[in-house]
Amino acid sequence: MKLRLFLYVSCLVLVVFVIVITTSIIPQFRSSTFNAASAKGDQNQTEKYYFNGMRERPGFTVIIMTHNRNDIFKIVFENYANMESVEKIIVQWHNIEQTIPTFLEEIATTRKKKLLILQPSVNLISNRMRLDPNIMTDAVWVSDDDIIILESDILRAYSLWKWMPNQLFGFTCRAHSFREDGSYQYHAGFIEGKFSILLPAPLLLHRQYFSVFNSLPESIFSMVDKYQNCEDIVMNFAVANATKDAVGVCVIAQNGKYGKIDGRSKGDKGLKRRKGHYLHRTICLNELVKIYGYMPLQYSENYLNRQI
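Predicted, not measured: the structure shown is a model, and the values here were computed from it. (Residues numbered from 1 in each chain as written. Predicted model: local features only at pLDDT ≥ 70, side-chain atom pairs only at ≥ 80, totals over all residues. Heavy atoms only, no water.)

Below, the discussion takes up the packing of aromatic side chains. Evaluation of the coordinates by the stated rule reveals 12 aromatic pairs. Aromatic side chains Phe 237 and Tyr 292 sit 5.6 Å apart centroid to centroid with 45 degrees between the ring planes, which places their arrangement in the tilted category. Highlighted residues: Phe 237 in helix H8 (residues 231-243) and Tyr 292 in helix H9 (residues 277-292), separated in sequence by 55 residues. For the pair formed by Phe 237 and Tyr 292, the shared burial category is buried. Taken together, Phe 73, Phe 77, Trp 93 and Phe 103 form an aromatic cluster joined through their ring pairs. Positioned above the aromatic ring of Phe 221 is the side chain of Arg 130, whose terminal nitrogen or guanidinium carbon lies 3.6 Å from the ring centre. (Phe/Tyr/Trp six-rings, centres within 6.5 Å; stacked < 30°, edge-to-face > 60°. Helix = DSSP H or I, 4+ residues; strand = E, 2+ residues; numbered from the N terminus. Buried < 20%, exposed > 50% of the residue type's maximum accessible area, 1.4 Å probe, protein only. Lys NZ or Arg CZ within 6 Å of the ring centre and 35° of its normal.)

Structure (structure tokens):
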């Protein structure tokens, strides 16, 4: 009798311990409605919903926006289509005046991948992060059309992300700094080993964040489309503001094959090569701070590398 009682109490203690540990490890995903008027000078916003843990939807969705460089885009598209973990690929076709190439459907059919091609009437970079009801997986990779990455790195990032789905995971990390005149500056690199911004090269995030992005005020979208830039910075701001935390984890690719192949393109060489690209990103930082009423971005030293 005493033995049975001891075993019963031990099991009960173990269950309570697992519940406590699990709820402390898996952070809550918090989103919020955005009110530009009330947000200025006030970091507390009306909570819209909570999200706890994963719902175990299979596979990933990959979103790729492309513009005027079909040569390298085909390589990138085929790379993702070859990944077993990719369930669906959504192509945002921004070559407004060009016919959609047949290789998209041919590759998707051969690799047995779901394919959705979105062709907006206007080439606006803010379209990239707009809410898409066709996203059915919790895990979404947003990728540039000039990035080559191995599936092993994709899966390595996901293995940790599924325990902390309120975080962003990215392979290209940037930072901001505070200047003496009270403004902020964008940096194309780290600051003392720290980062505060993750770029879609590629970027792993929970699909609920597209709802957060889509609820932002039109003034933010107007800024993004004015400069044809900064949609990724806007998403980082939205996540940092919703979680009141650093945006996520910087993933160090394990294989030398990871990287940009924009130099191979005979078409568009990419936004970063355009005049004023980094200046516009600095302007965006400061305009967003004015809209939010504070700087939500925080520095982080959270890295996922080959030693982990």
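Next comes the rest of the write-up.
In total, this model carries two disulfides according to the counting rule given. There is a disulfide in this structure between Cys 173 and Cys 250, and the S-S distance comes to 1.9 Å. Taking the sign of the torsion about the S-S bond as the criterion, the disulfide between Cys 173 and Cys 250, at about 105 degrees, is right-handed. Remark: Cys 250 occurs in strand E11 (residues 248-251) and Cys 173 occurs in strand E8 (residues 168-178); sequence separation between them is 77 residues. (Disulfide = S-S within 2.5 Å.)

What follows is about H8. With 13 residues, H8 extends 19 Å between its outermost C-alpha atoms, agreeing within 8% with the 18 Å of an ideal straight helix rising 1.5 Å per residue. At the C-terminal side of H8, Lys 244 shows a positive phi close to 55 degrees. (Expected span 1.5 Å × (residues − 1).)

Relative to E11, E8 runs parallel, the two sharing three bridges. Looking at E11, one finds that Gly 170 is bridged to Cys 250. Two strands pair when backbone bridges link them, and E11 and strand E13 (residues 303-304) are joined in this way by two bridges, in the parallel orientation. Within the sheet, the bridge partner assigned to Cys 250 lies in E13 and is Tyr 303. (Pairing = 2+ DSSP bridges.)

All right, on to the nonpolar core then. Grouped together as the largest cluster of nonpolar side chains are 47 residues, with contacts concentrated most on Phe 210 and Phe 237. Residue contributions to this core peak at seven residues, all from H8. Ranked by size, the runner-up nonpolar core spans 34 residues in total, among them Ile 64, Val 91, Ile 149 and Trp 161. (Core = buried A, V, L, I, M, F, W, Y, C linked by side-chain atoms within 4.5 Å.)

Here we take up the confidence of the model for the protein. Here the protein averages 81 in pLDDT, while 74% of its residues score no lower than 70. This stretch, residues 13-55, has a pLDDT under 50; its non-local contacts, to residues over four places away or in other chains, come to 73 contacts. (pLDDT = per-residue confidence, 0-100. Contact = heavy atoms within 4.5 Å.)

Here we take up unusual backbone geometry. Residues apart from glycine generally show negative phi values, whereas peptide bonds are mostly found in trans. For the bond from Ala 201 to Pro 202, the omega torsion is -15 degrees, close enough to zero to count as cis. Position of Pro 202 relative to the elements: it lies in strand E10 (residues 197-206). Not every positive phi belongs to a glycine, and Glu 192 is a case in point at roughly 55 degrees. With respect to the helices and strands, Glu 192 occurs in the loop between strand E9 (184-187) and E10. A residue is classified by how much of its surface remains accessible, and Glu 192, at 74% relative accessible area, is exposed. Look at Cys 230: it is not a glycine, yet its phi comes out positive at around 80 degrees. The residue Cys 230 is located in the loop between helix H7 (218-227) and H8 in this model. A residue is classified by how much of its surface remains accessible, and Cys 230, at 0% relative accessible area, is buried.

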